[in-house]
Amino acid sequence: MNNSGFIGKYGFFSSIVVAIIGVGIFSLPGELAKSVGNDGWLVSILDGLICLLLLYIIYKIMSKNNYDTFYNILIRNFGKVIGKIVAFIFSIYLIISISTGMRVFSEVLKMYLLEKTPTEFITLTMILCGYYLIRGSLTNLVRFNEVAFWIMFIPIFIVLIFAAYDADFSNVFPILNSSPVNYFQAISLSSFSFGGIGIIFLMLPALKNKSDYKKSAIMAVTFITIFYVVINVLCIASSSSPQVGKLLWPTIAMVKSISIPGGFIEGLEGSVMALWVIFYFTFFTNGLYFSSDLIKDIFGLEDIKISSYLVIPFIYLIALLPRDIGELYGIIEGVFPILFFTCLIFFPLILLLIIKLKKKVAATDEA
Amino acid sequence: MKHKKLLILIFMSLLLTGCWDKLEIDQRSFISTIGIDPGKEIDKLKDLKKIKPGDPFEERAIDELSVTFGFPDISQLGQQKGNSAEDKYITTQAYSIEDGITKSTAMSSKSIFIADCQLLLLSSDILQYPQVVKQILDYFQRQPRVNKNMYILAVDGNTEDYIKFKPYMEKNIQDYISGVMENSERTATVLPVTLNELLILLNENGNAIIPRLTLDKDRNEIKLNGIAIIKKFALVGYLTPIETSDLEIVRGKVKSGKKVIYLEGNPVDFVIEGTKRKMNIVEKDQNFIVNIDLKLEGEIRAISLEKNLGQISKLKEVDDAFNNALSIECTKIATMMQKNFGVDAIEIRENIEKYHPAFWKKISKDWEEVYKNSVINVNVDVKARRIGVTQ
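Definitions and limits used
Residues numbered from 1 in each chain as written. Chains lettered and ligands numbered in written order. Predicted model: local features only at pLDDT ≥ 70, side-chain atom pairs only at ≥ 80, totals over all residues. Helix = DSSP H or I, 4+ residues; strand = E, 2+ residues; numbered from the N terminus. Buried ≥ 20, exposed ≤ 12 C-beta atoms within 10 Å, placed from the backbone. Contact = placed C-beta atoms within 7 Å. Axes fitted to C-alpha atoms, helices over the stretch in contact; angles between N-to-C directions. Parallel < 35°, antiparallel > 145°, perpendicular 65-115°, else oblique. Left-handed = near helix turned anticlockwise from the far one by under 90°. Nonpolar A, V, L, I, M, F, W, Y, C, P; charged D, E, K, R; others polar. Pairing = 2+ DSSP bridges. Domains from an automatic or database assignment. Core = buried A, V, L, I, M, F, W, Y, C linked by C-beta atoms within 7 Å.

J.: Please give an account of the overall build of chain B that cites residues and values.
T.: When its secondary structure is counted, chain B shows eleven helices and 14 strands. Across the 391 residues that make up chain B, the buried fraction comes to 32%. Contacts in chain B between residues far apart in sequence, at least 24 positions, make up 70% of those at least 6 positions apart.

J.: I'd love a proper account of the packing of helix α7 (residues 138-165) of chain A against helix α13 (residues 268-298) of chain A, names of residues and values included.
T.: All names here are of chain A. Put simply, α7 and α13 touch, their axes get as near as 10 Å, and they point 155° apart. One finds that α7 runs roughly antiparallel with respect to α13. As for how α7 packs across α13, the hand of that crossing is left-handed. The residues of α13 that touch α7, namely those facing Leu138, Leu141, Asn145, Ala148, Ile151, Met152, Pro155, Ile156 and Val159, are Leu268, Val272, Leu275, Ile278, Phe279, Thr282, Thr285, Asn286 and Tyr289. Of the residues belonging to the contact of α7 with α13, the class tally is 14 nonpolar, four polar and no charged.

J.: Tell me about the sheet that holds strand β11 (residues 257-263) of chain B, residues and numbers included.
T.: Within a sheet, adjacent strands bond to each other through the backbone by hydrogen bonds, running parallel or antiparallel. Residue and element names in this part refer to chain B. With mixed pairing, four strands are arranged side by side in an open sheet as β11-β12-β13-β14. Two strands lie at the open edges of the sheet, namely β11 and β14 (375-386), each paired on one side alone. With strand direction ignored, the average angle separating the axes of adjacent strands in the sheet is 35°. Examined bridge by bridge, β11 and strand β12 (residues 266-284) share seven bridges and lie antiparallel to one another. Its bridge partner lying in β12, Val260 is registered against Asp269.

J.: Give me the packing of α13(A) against helix α14 (residues 304-320) of chain A: which residues, what numbers.
T.: All names here are of chain A. Where α13 contacts α14, the two axes come as close as 8 Å, and the packing angle between them is 105°. One element, α13, and the other, α14, form an angle in the roughly perpendicular class. Across the interface between the two elements, Leu288, Ser291, Ser292, Asp293, Ile295 and Lys296 from α13 touch Ile304, Ser307, Ser308, Leu310 and Val311 from α14. Its residues placed into classes, the contact of α13 with α14 shows five nonpolar, four polar and two charged.

J.: I'd like a rundown of the domain arrangement of chain B, residues and numbers included.
T.: Residue and element names in this part refer to chain B. Once the domains are mapped, chain B shows domain 1 (25-239) and domain 2 (246-386). Each partner contributes to the interface: domain 1 provides twelve residues, whereas domain 2 provides twelve residues. Mapped onto the side of domain 1 that touches domain 2, the elements with two or more residues apiece are β9 (221-231) and β10 (234-239). Tallying contributions element by element places β10 first for the side of domain 1 that touches domain 2, with three residues. Class assignment for the residues of the side of domain 1 that touches domain 2 results in six nonpolar, three polar and three charged.

J.: Can you lay out the sheet that holds strand β7 (residues 151-155) of chain B for me, pointing to particular residues and giving the numbers?
T.: Residue and element names in this part refer to chain B. Pairing within the open sheet is mixed, and its eight strands lie in the order β4-β3-β2-β6-β7-β8-β9-β10. The open sheet is flanked by β4 (87-94) and β10, the only strands paired with a single partner. Averaged over all neighbouring strand pairs, the angle between strand axes comes to 30°, with direction disregarded. Where strand β2 (residues 33-38) and strand β3 (residues 65-72) come together, six bridges link them in antiparallel fashion. Opposite Pro38, over in β3, you have Leu65 as the bridge partner. Docked against the sheet, helix α5 (residues 173-182) engages β2, β3, β4, β6 (119-123), β7 and β9, running at close to 105° with respect to β7. Against the sheet, helix α7 (residues 241-251) engages β9 and β10, with an angle of about 55° to β9.

J.: Would you mind going over the environment of A:Ile355 in detail, with residue names and values included?
T.: Inspection of the secondary structure assignment puts A:Ile355 in helix α15 (residues 325-366). With near-sequence residues (within four places) excluded, A:Ile355 lies in contact with A:Ile61, A:Lys64 and A:Asn77.

J.: Before we move on, can you summarise the nonpolar core with the specific residues and values?
T.: Of all hydrophobic cores here, the largest spans 109 residues; its most connected members are A:Ile16, A:Val17, A:Ile200 and A:Met203. The element contributing the most residues to this core is helix α5 (residues 80-112) of chain A, with 13 residues. If we skip the residues at most four places from it in the chain, A:Ile200 touches A:Ile16, A:Ile58 and A:Ala217. Counting residues in each nonpolar core, the second largest holds 84 residues, with B:Val180, B:Ile230, B:Val250 and B:Cys330 among its members.

J.: Give a detailed account of the pairing of β2(B), specifying residues and quantitative values.
T.: All names here are of chain B. Among the six residues that make up β2, six are buried, leaving the element largely enclosed by the rest of the structure. Pairing between β2 and β6: four bridges, direction parallel. Residue pairing for β6: Ile34 is matched across the bridge by Leu120.

J.: Which residues make up unusual backbone geometry, and what values do they have?
T.: Backbone geometry follows two general trends: most residues other than glycine have a negative phi, and most peptide bonds adopt the trans configuration. All names here are of chain A. With an omega dihedral of -10°, the bond running from Phe173 to Pro174 counts as a cis peptide bond. Residue position: Pro174 is located in the loop between α7 and α8 (180-189). We note that Asn66 has phi near 55°; this positive angle belongs to a residue other than glycine. Following the sequence through the fold, Asn66 ends up in the loop between α3 (40-64) and α4 (70-78). A count of 12 C-beta atoms within 10 Å places Asn66 in the exposed class. At Tyr67, a residue that is not glycine, the phi angle is positive and equals roughly 50°. With respect to the helices, strands and loops of the structure, Tyr67 is situated in the loop between α3 and α4. Given 19 C-beta atoms within 10 Å, Tyr67 falls into the partly exposed group.

J.: Help me get a handle on the interface of chain A and chain B, residues and values and all.
T.: Of the residues lining the interface, 18 residues belong to chain A; the matching set on chain B comes to 15 residues. Among the elements of the structure, α5 and α11 (241-246) of chain A are those that each provide at least two residues to the side of chain A that touches chain B. For the side of chain A that touches chain B, the element with the most residues is α11(A), which contributes three residues. In terms of residue class, the side of chain A that touches chain B is built from six nonpolar, eight polar and four charged.

Structure representation (structure tokens):
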């Protein structure tokens, strides 16, 4: 077994969490409320279960290939040409997800904090900061994830406790009141909330002790699922599902409506928005590193520093491409589920099938 | 070398401030109150439908609103001067709130900043125009930088008079109203409604209740005078303060308040300290019966020196008298809301939606009809836990 990695148990756990939770959290409760009303939290649990299944598939693929890097596994099993194409599609998926996220992030920031700052400027500074971080090695990125995890979640949970103060939790009733078709639709719509799960392909080969994988990964997915469920329930409880469905970013609206008795803290949303910057930043840097890493291998480049030069202009362009917020969410809702199912469900399943077949062929050859 | 690096870092930080639209704090008027009245040309509202989306509009804009912005006179604030100031105000005729802000900015030496607004006054006249009410509320819902916790009130007459008004206890109306609203935990006749709550209620079915403010010009005082009932985005009627407190009790939201009965010619005050509400809905054919059980706990205040409440039977007598009186009062107010206004302010609809989803699916189409024909029974169970320190 290849045990030459450097990522510890906690580093692995926190990297998965911060790489998955991104800007999707702003709009997730709204998207879910539109399709399934009060049952958004149920859909999040279903998403979590699907993710656990994915964890298992990824584990099978990686362990059967002696925890090699994702690119090498693709080349070994698909052959050089198809392997490269698959890796390329995968990196396109990553680039689209971080650049649409970038646009959402800068729109939200512009709306709530920096009214007159141009979107281009926000995008550019974010890209430069991210580039600076990934110029270091994967070790630096993981260290950053480890630190960011606490900076992100301790304040957020404190804010969420305040949000629970005035909430009417009976709003989650009635449970299971939508038609099954709506639930499927909601699962496909909300796939973006777990879209960053592919980061495991990057992190697992570098995990120090491979036997830690199961526990850390399951813990990470459980943590994310609980976080999504809490956000969904609080949004529904602090207003109601018709209102949540109407808002573009119900999570921020929820934070904005917090009124603490005595009023010793006002305008919580300012500090919360500052925290979301880190939420997006970790999502962005992890995605950027992974896509640059793939591009480096595909084009046989020397270093990630060079390949990220190739990736960055596309992120900037794709982020600024949608004409308005309607078009942006059109892309996210239309293109994203397709890419998600191709890259994170279809490809891994095919990969697993090929691995199984190869094993069978090898076994019959020996016989 | 070290110094050089340090210098570069210091100069870099100058470029990284990210400040894009510098606006000094004293260049802003922080709006504390917004008042909205019908504009001079509100009668021409019907003509608006004739305008096609592509037509140029600015030249013949119809000023359907009259928007008043009240803001504290910052020059009165300071360390020695105190933390409250008298209001100044600007009134403009506009076709929308945004237009009002633009026009006011043009009239004012400072830029108008509404993110910290604490109070929104809607004139009862503007509440007659559902189309305009929808426009106004959409503006406040769409704006990210609006204080969603601001209080909303319906006022009789012109909002400008209220913003001009100098209350006896505070320097401006916004401080006064906020104070009264925050005190609402001590009295049941005031029912505070914030922008956020109003938007949630209206998004569900266009019905809501908001507190009503009246101005007595002869005595020069303003007072919170019950609530205004809004149905399908239009004002349909008012409740008096006593009816409001009854409604608060039926809603089960009352935290404190008092009720009175007469015992042998003496008023007996019962101070409510807590409410518990249970709603039971029984389906009956196409309609339903609502049974509301209210448990009130509290304390008896003054009666009369000669009276002795120490005996169990006596206290029970008082409790029973309250049960009877309050049950009748509460059933009356619930039925009045149902029959006269057709507005469900006691969350019967929510209750059916949440706990009887199958029944809701059946009746949701003609909810209004079903609601009007249903029966509401309110049962009050009063428990006077304390009687003070005498028998």
